[in-house]
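Listed below are the residues making up each chain.
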Amino acid sequence: MKTIIFGITGQDGSYLAELLHDKGYEVVGVTRRVSVDTLQRINHILPQIKIVEGDITDAFSVSNIINQEEPDEIYNLAAQSHVGTSFKQPSLTWDVTAGGVLNILEAIRYSGRKEEIKFYQASSSEMFGKNYTVCDSQKYQDEDTPFSPQSPYAIAKLAAHHLVRNYRDSYGIFACSGILFNHESERRGEKFVTRKITKWIGQFATWKGNQLFIQKVRNQAGEWVDGPSRKEDDPDMIYLHPSDETGFPKLRLGNLDAFRDWGHAEDYVRAMWLMMQQEFPDDYVVATGETHSVRDFLNIAFAHAGVTEWDDYVVIDPQFYRPAEVDFLLGSSDKAKSNLGWNPDVSFEGLVHRMVERDIYEARLQRAHLQKV
Ligand code: NAP
Ligand code: G4F
């Protein structure tokens, strides 16, 4: 079996490439030419996979790749995937996240092999949008819930979602969409809230000689006082000791009251593959069935680093508020559970702990390296 993964350099692409390679697939990954190295997440499997250059907004490159590689399965994970950025770059978001999908579908349609190719599209729970505005654990979203997108990103994803269904109905293409709720990991992009938090914890925990968080510090008289100190003088910085000349920037975040159904990406790529192994194409919600606020994430992440009160470390910064917010996401994966036999393995706490531990480990490694050079 041969597969093409668009978006192989992203979080999900890297896990999916590993999964498919382990299952014996010949894996072809599409990467776009950029001025920096984007292969970090897949460096370890590069010798086992093939990389081709392409961009999903370029219809010619997409159809050339599909015609030359003759894949059995195509996974489209490529997108401008950051919701906040989509408000700043709506046109680019539209071209990549909606237009790119149309390019792939058309390429399949005219490939001469449309009956032989299965297509997976990465749809998103963001499409549910302003479905519920308050946290209510009795409410949830599933395949029958109406969409109410709240951002240029979600609108582009919804257009792509409808295109996939339309190409399935119109041309008989095996095209399915996974409506995936938030999934994170140690490989998550650093501008998504979960990784932003755990990355900051890792950096702070290794700041100043590998010390973990200090709840109590000694003042100049040698007495133990609450840390961090001097916060009234400089609300944006943390100083561990009153005599410190330099501080550490606090963690700047936006809305802490949004609720998300967060799972681990490794579990979610398994669901993608399962959808593609079915006899008939269909759309599936993939979620854990648990919802937590950003505040809950902070509680568990900081607690895992030994801190129970994190207020002094976090600053609310309006620049991270969005023009329109999605307040509450909680998915029901009953259909995926019964039709695909899918269940998540990683719990919310397990996810947060893994991310915190990895980011502390990586920050220490980086520090040790810097001390050597
Ligand atoms: P990600 O880490 O941001 O990865 C996005 C991928 O798309 C990267 O490989 C990126 O390449 C590629 N890409 C961007 N623009 C492209 C273009 N014009 N042509 C070709 N490739 C392009 O996203 P992710 O978290 O892995 O998510 C995978 C997919 O699932 C995305 O479509 C996302 O919208 C969707 N999704 C994600 C979640 C989630 O919680 N993670 C939930 C629901 C749906 P570069 O490395 O070159 O930037
Ligand atoms: O981590 P986020 O940026 O993820 P968001 O917006 O839920 O989108 C992610 O999940 C979607 C699935 O539902 C995917 F389709 C999409 O591609 C992406 O992977 O933000 C989560 C929440 C939001 O409510 C946001 O307002 O965290 C809030 N937040 C608070 N402070 C912040 C911040 N988000 C970010 N990125 N940065 C902050 O400083």
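For clarity, every value in this text was computed on a predicted model and none was experimentally measured.

Cut-off values and rules
- Counting restarts for each chain: residues are numbered from 1 in the order of the written sequence.
- Lettering of chains starts at A and numbering of ligands starts at 1, both following the order in which they are written.
- Residue-level local features of this predicted model are given only where pLDDT is at least 70; pairs of side-chain atoms are given and counted only at 80 or more, and the full residue set underlies all totals for whole chains, interfaces and linings.
- The side-chain figures draw on all heavy atoms in the structure; neither hydrogens nor water molecules are used.
- Labels follow the DSSP assignment, with helices taken as runs of H or I lasting at least four residues and strands as runs of E lasting at least two, numbered in each case from the N terminus.
- Contacts are assigned to residue pairs that have any heavy atoms within 4.5 Å of one another.
- Burial status follows relative accessibility: with a 1.4 Å probe on protein chains alone, a residue under 20% of its type maximum counts as buried, one over 50% as exposed, and anything between as partly exposed.
- In this analysis, strands are considered paired if DSSP registers two or more bridges between them.
- Each helix should span, by expectation, one fewer than its residue count multiplied by 1.5 Å.
- Distance and chemistry together define a polar contact, namely a pair of N or O atoms within 3.5 Å, with one atom able to donate a hydrogen and the other to accept it when in protein, and with adjacent residues in sequence counting only for side-chain atoms on both sides.
- Note on definitions: salt bridges are taken to be side-chain nitrogens of Lys or Arg within 4 Å of carboxyl oxygens of Asp or Glu.

**Q** Hey, could you run me through unusual backbone geometry in this one?
**A** If a residue is not glycine, its phi is most likely negative; likewise, a peptide bond is most likely trans. One non-glycine residue, E70, lies in positive phi territory at about 45 degrees. Within the fold, E70 resides in the loop between helix 2 (59–69) and strand 4 (73–76).

**Q** What is the right way to look at the environment of D317 in this model?
**A** With respect to the element layout, D317 can be found in the loop between strand 17 (314–316) and helix 9 (334–340). As for D317 and K88, which are separated by 229 residues in sequence, their C-alpha atoms are 17 Å apart. Not counting residues within four places of it along the chain, the set of residues in contact with D317 comprises R252, L253 and G254.

**Q** What is the right way to look at the pairing of strand 2 (residues 26–31) in this model?
**A** The two faces of the sheet receive side chains in turn, since in a regular strand these alternate between them. Most of strand 2 sits out of view: five of its six residues are buried. Relative to strand 2, strand 1 (residues 2–6) is paired through five bridges, and the arrangement is parallel. When the bridges of strand 2 are listed, I4 appears paired with V28. With four bridges connecting them, strand 2 and strand 3 (residues 50–53) associate as parallel partners.

**Q** How should helix 10 (residues 348–372) be read in this particular structure?
**A** In an α-helix there are 3.6 residues to a turn, and that puts residues three or four apart on one side. With 25 residues, helix 10 should reach 36 Å at 1.5 Å per residue; the first-to-last C-alpha distance of 37 Å fits that figure. Along helix 10, the residues that are buried comprise F348, L351, V352, M355, V356, D359, I360 and A363.

**Q** Would you explain the pairing of strand 4 in this entry?
**A** Here strand 4 shows two buried faces, one formed by E73 and Y75 and the other by I74 and N76. Bridge analysis of strand 1 against strand 4 gives four bridges, and the strand direction is parallel. Bridging from a neighbouring strand, F6 pairs with N76 of strand 4. Pairing geometry for strand 4 and strand 5 (residues 118–124), over four bridges, is parallel. Bridging across to strand 5, E73 finds its partner in K118.

**Q** Looking at this structure, I do not really get the side chain of T291. What am I missing?
**A** You can see T291 is positioned in the loop between strand 15 (284–286) and strand 16 (292–293). At a separation of 3.3 Å, a polar atom in the side chain of T291 contacts the main-chain carbonyl oxygen of R260. Separated by 2.9 Å, the side chain of T291 and the backbone oxygen of L329 make a polar contact. Once you skip the residues sitting within four places of it in the chain, T291 turns out to touch F259, R260, D261, F328, L329 and L330.

**Q** I would appreciate a short explanation of the pattern of salt bridges in the present structure.
**A** Pairing between side chains of opposite charge can happen when the charged atoms of each approach one another. Considering all chains together, one arrives at 23 salt bridges under this definition. Taking the shortest distance from any N to any O, the salt bridge between E26 and K2 comes out at 3.8 Å. Taken together, the residues E26 in strand 2 and K2 in strand 1 connect sequence positions 24 residues apart. Using a relative accessible area of 48% as the deciding quantity, one classes E26 as partly exposed.

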